[in-house]
Amino acid sequence: MLNRFVVLALIIGLASCTQPDTTTIADTAAAPGAVMDAEAEALPELPTHWLNDKAIGVGAGPVTQADLAKGLSDPSNWLLYGGDYNNHRHSPVTDLNPDTVKNLEVAWAFPTGTLGQFEASPIIHDGIMYVSSSYNRLFALNPETGELYWRYDHVYPDDLRLCCGPVNRGVAIAGDLVLMATLDAQLIAFNRLTGAIVWQTEIAPYALGYSATSMPMVVKDLAIIGIAGGEFGVRGFFDAYDVKTGQRVWRHYTVPGEGEPGVETWAGESWKTGGAPAWTSGAYDQDTDTLYWTTGNPAPDWNGDMRAGDNLFSNSILALEPATGKQKWYFQFTPHDVWDYDGNTQIFLVDIRRDGRNVKAIVQANRNGYFYILDRETGKFIDAKPYVEQVNWATIDETGRPIVNPAAMPSEDNDFRTCPSNLGGMNGAWTGALNQKLGLAYIPSIEACQSYQKGLDIYIPGQAYMAGMPTLIDVEAGTSYGHLSAVDYNTGEVRWRYKDADPMMGGVASTEGGVIFTGNQAGYALALDSRTGVELWKFKMGGGVRSQPVVFQVKGKSYVAIGSGNWNTFAAFSGGPVNIPEGGHLFVFALK
């Protein structure tokens, strides 16, 4: 019964994603009844934008490319989604260590006032924290006290098309601008001190199923942002915009068009609705001036009959020139994906030791259950090993191509227990972290399996286009669970696992002191020993943790910011708790 309810809830969410009434996400909740409705009509309309006219910050000035290039070397800053261009999310802070972490206490907490998963990674610069919430609320806060400086609530059309919740994963910062992408596929630049809108541009028409959920990546004078909408049959792409003006500089389609290399991997005209969204942030190699971006599933998700072929460049990693968007190389993880194994989980740039030589590598815990090691200069496959405990959909050959288990292929009456689930393993909706000194990547994961049924392939612009659905075998049996695994990124071997009763769907931050921070769906903020995975500290925040923790310092004092707030539709779909109320809340902890 649970399985049918969850699938129905997800289908309804996909097919009729309209903006909730303003009372759903407003600061105060309306009570039922005609009397209260009448009273509400008499109340003044709430503003949606609160500006700042006071002097704020510590005088650090605009964010420069040099600042971004330094990554986390200055612990008072956290400027990029991955902390640095290598995506390591590893703070140089040493006083957050196994001996001291037990002394963390709440410094302050701040409500978002919104439902849905709170997945953001806060940005800190010039003594100001910028954090976005579900439904694209944006707050500028004092990171030491939680004082609110300015706020923006994005106003939506009433017919949004959303796949997977009203999520936003954070804002970018460049110069004196803060950049936020929105669920109705806009890109907005704000003055970082006042909150005033400087420019706003449309990325794509939302009515066709396009949306934008991730933090833009700033490289030099360009803000790079990918599009979501793979479950609506959009043709995926990612763009580069001039940071100062908002003008689009280039667009890179993730599905080739007529006459372009790779279009032969799509039967007929299936490329026109091919999906391959680019909804996560990328990585940037400063030494070679190479941008890396990843792509998601082809459309429709679970019936590939009409799109015969490998379906390039879905489920791939692309290496490009950041100034032009010109592609250098690609590697496809899951050709002709019919399991929704998006290829856009977090990528890490690392230098590894392999077969007696040093290799500039890129590694990824892919949603398909394998931890991949590639040469980042050429895209050449080096190795892939399972990082989850159950993988049976395919094995990987010596070239990196999967050898698919025929029993795992979706069919009208498929009941084969296929592992992992379509959510992963890991997922691009949350982050891992990497500690170079220990040689470990920290990967939070779902451990669950499903069976996959194909359905009718019918495309209607702006409507959900999935042509099937998974059956939640493990969720229904109550056997799904989670773990955070430490993977030796030189070899792909798992060194230790921290296990949780629920699938782990929150991000990770690491410290030089030897602690990693994460959280679970039961609502606990967690600190683990980086070397062993032993739990060192936990704090009950309330809502399930779906956010990306950050570590920073103010006046030499160390802080950790972690958001709580789950989306119960996904909690149910993964096998997590659904009895915990929704509602985003940011907690900031400080060492006593």
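Chemist: Where do I start with the overall build of the chain in this structure?
Modeler: On a plain count of helices and strands, the chain comes out with 6 helices and 38 strands. A compact globule built from 592 residues should have a C-alpha radius of gyration of about 25 Å, and the chain, at 22 Å, falls within 12% of that. Considered along the principal axes of its C-alpha atoms, the chain spans approximately 65 × 60 × 50 Å. Every one of the 592 residues in the chain was classed for burial, and the buried ones make up 63%. Considering only contacts within the chain whose residues lie at least 6 apart along the sequence, 62% involve residues at least 24 apart.

Chemist: I'm lost on the sheet that holds strand β35 (residues 535-540) in this one. Help?
Modeler: Two strands in a sheet stick together by hydrogen bonds in their backbones, pointing the same way (parallel) or opposite ways (antiparallel). An order of β2-β32-β33-β34-β35 is seen for the 5 strands of this open sheet, with the pairing classed as mixed. One side of each edge strand has no neighbouring strand; the edge strands of this open sheet are β2 (90-91) and β35. Bridge count for strand β34 (residues 524-529) against β35 is 5 bridges, and the pairing is antiparallel. Bridge pairing links leucine 526 to lysine 538 in β35.

Chemist: Is there a simple way to think about the state of the cysteines in this case?
Modeler: Should the sulfur atoms of two cysteines be covalently bonded, the bond is a disulfide. What the rule picks out here adds up to 2 disulfides. Put simply, cysteine 163 and cysteine 164 are joined by a disulfide, and their sulfur atoms are 1.9 Å apart. A relative accessible area of 16% places cysteine 163 in the buried class. With a sulfur-sulfur separation of 2.0 Å, cysteine 419 is cross-linked through a disulfide to cysteine 449. Because the sign of the S-S torsion sets the handedness, a value of about 105 degrees for the bond joining cysteine 419 and cysteine 449 places this disulfide among the right-handed ones.

Chemist: What's the story with the environment of asparagine 414 in this structure? I'm lost.
Modeler: Residue placement: asparagine 414 occurs in the loop between β25 (402-404) and β26 (433-435). On the accessibility criterion, asparagine 414 (9% relative accessible area) is buried. As for asparagine 414 and threonine 471, which are separated by 57 residues in sequence, their C-alpha atoms are 9.3 Å apart. Aside from chain neighbours lying at most four places away, what touches asparagine 414 is Ala407, Ala408, Met409, Ser451, Tyr452 and Gln453. Among the polar contacts made by the side chain of asparagine 414, one reaches the main-chain amide nitrogen of phenylalanine 416 at a distance of 2.9 Å.

Chemist: I would appreciate a short explanation of the pairing of strand β28 (residues 451-454) in the present structure.
Modeler: Each regular strand displays side chains that alternate between the two surfaces of the sheet. In β28, alternate side chains face the same way, and those of Ser451 and Gln453 on one face and Tyr452 and Lys454 on the other are all buried. Relative to strand β29 (residues 468-471), β28 runs antiparallel, the two being bridged by 4 bridges. Of the residues in β29, the one forming a bridge with serine 451 is threonine 471.

Chemist: What is the right way to look at the side chain of serine 211 in this model?
Modeler: Counting through the fold element by element, serine 211 comes out in the loop between β11 (197-202) and β12 (217-219). Take serine 211: its relative accessible area is 5%, and that puts it in the buried class. With near-sequence residues (within four places) excluded, serine 211 lies in contact with Arg161, Leu162, Thr182, Leu183, Ala185, Ile227 and Ala228.

Chemist: What should I look at first to understand the confidence of the model for the chain in this one?
Modeler: Mean pLDDT for the chain: 94, with 93% of residues reaching 70 or above. pLDDT under 50 marks residues 1-33. Its contacts with residues more than four places away, or in other chains, come to 56 contacts.

Chemist: Would you take a moment to explain the environment of proline 111 for this structure?
Modeler: Residue placement: proline 111 occurs in strand β3 (residues 104-111). A residue is classified by how much of its surface remains accessible, and proline 111, at 44% relative accessible area, is partly exposed. As a C-alpha pair, proline 111 and phenylalanine 587 span 476 residues in sequence and 8.9 Å in three-dimensional space.

Calculation criteria
- Residues numbered from 1 in each chain as written.
- Predicted model: local features only at pLDDT ≥ 70, side-chain atom pairs only at ≥ 80, totals over all residues.
- Heavy atoms only, no water.
- Helix = DSSP H or I, 4+ residues; strand = E, 2+ residues; numbered from the N terminus.
- Rg over C-alpha atoms; globule rule 2.2 N^0.38 Å.
- Buried < 20%, exposed > 50% of the residue type's maximum accessible area, 1.4 Å probe, protein only.
- Contact = heavy atoms within 4.5 Å.
- Pairing = 2+ DSSP bridges.
- Disulfide = S-S within 2.5 Å.
- Polar contact = N/O pair within 3.5 Å; in protein donor to acceptor, adjacent residues only side chain to side chain.
- pLDDT = per-residue confidence, 0-100.

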